[in-house]
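Given next are the chains, with one letter for each unit.
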Amino acid sequence: MAERQTRRRRRGHGELEAQVLAVLRAAPGPVGAAWVRDRVAGGLAYTTVVTILSRLLVKGAVRREKAGRSFVWAPAADEAGLAALRMRRVLDGESDREAVLARFVTALSPDDERLLRCLLNHAEDPDDDSEDGE
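Residues numbered from 1 in each chain as written. Predicted model: local features only at pLDDT ≥ 70, side-chain atom pairs only at ≥ 80, totals over all residues. Heavy atoms only, no water.

Asks: Is there a simple way to explain the packing of helix α2 (residues 15-26) against helix α4 (residues 46-58) in this structure?
Replies: Any two packed helices are characterised by how steeply their axes cross, that is the angle between the axes, and by the distance between the axes. Relative orientation of the contacting elements α2 and α4 amounts to 85°, with a least axis distance of 10 Å. In terms of axis orientation, α2 runs roughly perpendicular to α4. Of the residues in α4, those touching α2 at L16, E17, V20, L21 and L24 are T48, I52, L53, R55 and L56. Taken together, the residues of the contact of α2 with α4 sort by class into seven nonpolar, one polar and two charged. (Axes fitted to C-alpha atoms, helices over the stretch in contact; angles between N-to-C directions. Helix = DSSP H or I, 4+ residues; strand = E, 2+ residues; numbered from the N terminus. Parallel < 35°, antiparallel > 145°, perpendicular 65-115°, else oblique. Contact = heavy atoms within 4.5 Å. Nonpolar A, V, L, I, M, F, W, Y, C, P; charged D, E, K, R; others polar.)

Pasting the structure below:
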């Protein structure tokens, strides 16, 4: 058994959470932890799946609702929303938000910078339906 354990590949940081989120996104609706466990590779224990789901709940990546004596789980947002949540968490963890945002913007490609400017202009004036926001 120990030999089998040493041959098993160790998952990267966040890989298991990503797998659980992918399973939830593929679900037909809110599902139980057992449903998730049956679809995540690696033969995880039920308690491991519940721990991962609980961590994702704290991070705001999933939501849960009571279903009888248990819970059902669903993603809190689509992939773009979850990526935005991760970006906000990184920004919230930094002491100099201005410097982080400045470095982020200066590292954007010209096309991404134009898109970001357009999105910001639209956020300032949501009634403006022109393509470039001007």
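That covers the picture; the talk isn't over yet.
Asks: Honestly, α2 in this entry has me stumped. Any pointers?
Replies: Three or four residues apart is the spacing at which side chains of an α-helix point the same way, because the helix has 3.6 residues per turn. Here α2 contains twelve residues, and its C-alpha end-to-end distance of 17 Å stays within 8% of the 16 Å for a straight helix at 1.5 Å per residue. For α2, every residue scored as buried is listed here: L16, E17, V20, L21, V23 and L24. Buried residues in α2, looked at end-on, bunch into an arc of 160°, giving them a common side. Turning to α2, the residues buried within the fold contact α3 (33-39), α4, β1 (62-67), β2 (70-75) and α5 (79-92). (Expected span 1.5 Å × (residues − 1). Buried < 20%, exposed > 50% of the residue type's maximum accessible area, 1.4 Å probe, protein only. Arc of directions from axis to C-beta.)

Asks: For this particular structure, what's the right way to read the environment of R64?
Replies: You can see R64 is positioned in strand β1. Each C-alpha atom of the pair R64 and S54 lies 9.2 Å from the other, and the pair is ten residues apart in sequence. When near neighbours in sequence (up to four residues on either side) are disregarded, R64 contacts L57, F71, V72 and W73.

Asks: What should I look at first to understand the packing of α5 against helix α6 (residues 97-106) in this one?
Replies: α6 packs onto α5 with a crossing angle of 135° between their chain directions and a minimal axis gap of 9 Å. By the criterion of interaxial angle, the relationship of α5 to α6 is oblique. Contact residues: α5 offers M87, L91 and D92, while α6 offers R97, V100, L101 and F104.

Asks: So what exactly am I meant to see when it comes to α5 here?
Replies: Across its 14 residues, α5 extends 20 Å between first and last C-alpha, which sits within 8% of the 20 Å expected from 1.5 Å per residue. Turning to α5, its buried residues number three or more, namely L82, L85 and L91. Contacts made by the buried residues of α5 are with α2 and α6.

Asks: How should a nonpolar patch on the surface be read in this particular structure?
Replies: A grouping of M87, F104 and V105 is seen on the molecular surface, where their side chains present a nonpolar patch of about 260 Å² in accessible area. Positionally, M87 belongs in helix α5. (Patch = residues over 30% accessible without salt bridge, like charges linked within 9 Å, V, L, I, M, F, W, Y side chains within 5 Å. Areas by Shrake-Rupley, 256 points an atom, 1.4 Å probe, with all protein chains shown as cover. Salt bridge = Lys/Arg side-chain N within 4 Å of Asp/Glu carboxyl O.)

Asks: Sorry if this is basic, but what is going on with the nonpolar core here?
Replies: If you look at the biggest cluster of nonpolar residues, it comprises 20 residues, and the most contacted ones within it are V20, L24, V36, V40, L53 and L56. For this core, the secondary structure elements donating two or more residues are α2, α3, α4 and α5. By residue number, the principal contributor to this core is α2, which donates five residues. Sequence-distant contacts of L53, defined by excluding residues within four places in its chain, comprise V20, L24, A33, V62 and W73. (Core = buried A, V, L, I, M, F, W, Y, C linked by side-chain atoms within 4.5 Å.)

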